[in-house]
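Tertiary structure, described
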Amino acid sequence: MGYVLVAGTLFLVTVITIAWKAFMDLIWKPYSITKHFQKQGITGPAYHLLSGSVNEMMKIEEEEKQTPMDPSSHNVTPKVLPHYHRWSQQYGDCFLFWFGTQPRLSIVDPGMIKEVLSTKFGYYTIDKPTPPVMALLGNGLLNLTGLDWVRHRRAINPAFTIDKLKGMTKRMAACALSTLDRWADQVVETNDQCKEIEVHKEFMELTADIIAHTSFGTNYKEGKEVFEVERELHRMVIDSVADVYVPGSEYIPTKWNRRMWMLEKRLRNKLKSIIESKLRTADLGDSNHDYGEDLLGLMMGISEDSKKQQGSSLTVNEIIDECKTFFFAGHETTSNLLTWAMFFLGKDLEWQKRLREEVLSVCGIGVPDADKVSKLKLMNMVLYETLRLYSPVIFTERKAAQDIKLGDLTIPKDTVVTFPFPIIHRNKKYWGDDADDFNPLRFADGFSKAAKHPNALIAFSMGPRVCIGQNFAMLEAKIGMAMILQSCEILMVDVILDQDSSFCLAGEDPHKHCR
Ligand code: HEM
């Protein structure tokens, strides 16, 4: 009888505890956080049990898909961030919405963004990655937090110094040259003066080639195989982006999870075999272990040096995760930058002419190097303006690690603050009335004077977690653009923004100058 009573009491206590926690997490916290922000003048879409605002988010996305885009407008916000666009019009720039039970606060004020990403950096953290993101990037820089992030960032920074990047320019130029060769062959084959090219596809290939060569050096072919697997994992991440994560669901052997586990294992094994091959090659050389000037080789060398000096280094598994991160972070981003820059030059022939004149006067007709492309001021301005209007990264977010003041607001612990780049980059308050127009001249006096706030452009983010590959990306884009402009004339064939954009490349022998 006594046992039954104890078991019954335990059961009851468990049920009450679970019910209490469920009540707190699912009802009370969302209610009190909503009230907390309402008192500060912040509103937003309603919280719904379990799903938060996700259903409304999906509905808005579907509605936006049905609306054709005006090809003459650069305002892509309704297409790329439909719910932010709709809610910012409805509730104002700063609004609260719910991803499941997680509160998210949209912020567009550059001063507040600077506080989060830079001045009060330590008070914010990165939300735990979902299982698909973890499978894709593992414990690489993008996912890491705290002291592990510090250790990785310190270990990898030296691989991205200007000197090291200069050493990679020949590889970048060689990849661009083989793309131009392929285009030239097509022109010769068709016997036309003008060849229609789907540039996004071409630049995806070019940037994959560049990141494979610069990451893996002589092992680039195996590197490209790695990227094929990574691409599939990336697609799985995109498919799962609007799913509210249910803790523990990653361990259930569903068909989807099993595919993800298999791809992750294949990715890891392939990268491991590249590293082992580098280790074997280096062992055959002298005792100083030169692993090569590619990113992987540099990371392995730096890691070995720091082990000798401080006794700590990146493990093979950590280096593997960083390789995965470089491809993910550095491939599609740069390819999008190149695509949109071509889009502008194909539309604006006057700017195309100015850029070609600059390239020919600074670099001549030879293959450009890092020093020469660093002098291309007009090209720099066009690239920044492209990053402003068509930022390859469309948002980033941070989670408050404690209750904290942000601007005039007080933010409860665990609130996610989120920064929608396309809205920030078009804010007329900072960018002026022509914020929606392509006007590279706004960058004539440099990056920080282009807008009324020095941090209004955050395409590469800012603060300690600023993009580690920004110089790499700009160098790659400038070399690619300079070589294209040296040999081709670019004409826009058609503009269908939600499908592929094609460009016509014209010239008597597009490429002969580049040899
Ligand atoms: C146009 C090209 C690129 C753009 C617009 C871009 C943009 C960004 C942004 C916005 C972040 C911050 C993300 C966040 O805080 O949530 C970031 C981080 C990062 N990027 Fe890039 N990126 C580009 C190219 C590259 C390239 C080429 C590489 C590597 C080769 C790279 C590697 C990284 C890494 C590793 C991080 C994480 C840094 C950290 O958290 O310490 N990116 N990038």
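Residues numbered from 1 in each chain as written. Predicted model: local features only at pLDDT ≥ 70, side-chain atom pairs only at ≥ 80, totals over all residues. Heavy atoms only, no water.

1. So, the pairing of strand β2 (residues 102-106)
Counted residue by residue, β2 has five buried out of five residues, so it is predominantly covered. What you see with β2 is no split at all: Q102, R104 and S106 on one side and P103 and L105 on the other are buried throughout. Summarising the sheet, strand β1 (residues 95-99) and β2 pair through five bridges and their orientation is antiparallel. Counted as the bridge partner of L96 is L105 from β2. Remark: two residues form the turn of the hairpin made by β1 and β2, two consecutive strands paired antiparallel; G100 in that turn has positive phi of roughly 65 degrees. (Buried < 20%, exposed > 50% of the residue type's maximum accessible area, 1.4 Å probe, protein only. Helix = DSSP H or I, 4+ residues; strand = E, 2+ residues; numbered from the N terminus. Pairing = 2+ DSSP bridges.)

2. Observations concerning the sheet that holds β2
On the basis of which strands lie adjacent, the open sheet formed by five strands has the order β1-β2-β8-β5-β3 and mixed pairing. A strand with exactly one partner marks an edge of an open sheet, and here the two such strands are β1 and β3 (124-125). Pairing analysis gives two bridges linking β3 to strand β5 (residues 395-400), with the strands arranged antiparallel. Across the sheet, residue Y124 finds its bridge partner in β5, namely A400.

3. A short note on a nonpolar patch on the surface
Together, W20, F23, I27, W28, Y31, L49 and L50 give the surface a local cluster of nonpolar side chains, amounting to about 770 Å² of exposed area. Relative to the assigned elements, L50 resides in the loop between α1 (2-39) and α2 (54-66). (Patch = residues over 30% accessible without salt bridge, like charges linked within 9 Å, V, L, I, M, F, W, Y side chains within 5 Å. Areas by Shrake-Rupley, 256 points an atom, 1.4 Å probe, with all protein chains shown as cover. Salt bridge = Lys/Arg side-chain N within 4 Å of Asp/Glu carboxyl O.)

4. Notes on the UniProt feature "binding site: heme" (unreviewed entry) in the protein
Listed under "binding site: heme" (unreviewed entry) in the UniProt record, and renumbered for this structure, are C467. Residue placement: C467 occurs in the loop between α20 (428-431) and α21 (470-487). The residues touching C467, leaving out its near neighbours within four places in the chain, are R153 and F460. (UniProt positions renumbered as here; feature names shortened; annotations may be inferred. Contact = heavy atoms within 4.5 Å.)

5. Concerning the pattern of salt bridges
Under the counting rule described, the total for this entry stands at 26 salt bridges. When the shortest N-O distance is used, the salt bridge between R268 and D321 registers 2.8 Å. Residue R268 is found in helix α12 (residues 255-284), and its partner D321 is found in helix α14 (residues 316-330); the two are separated by 53 residues along the sequence. For R268, a relative accessible area of 18% corresponds to the buried category.

6. Section: helix α10 (residues 199-216)
Residues spaced three or four apart along an α-helix face the same direction, because each turn holds 3.6 residues. Here α10 spans 25 Å end to end across 18 residues, near enough to the 26 Å set by a 1.5 Å rise per residue. With 15 of its 18 residues buried, α10 lies for the most part within the structure. Among the residues of α10, the N-terminal cap falls to E198, whose side-chain oxygen and the backbone nitrogen of H200 are separated by 3.1 Å. In the stretch just after α10, G217 is the one whose phi turns positive, near 55 degrees. (Expected span 1.5 Å × (residues − 1). Polar contact = N/O pair within 3.5 Å; in protein donor to acceptor, adjacent residues only side chain to side chain.)

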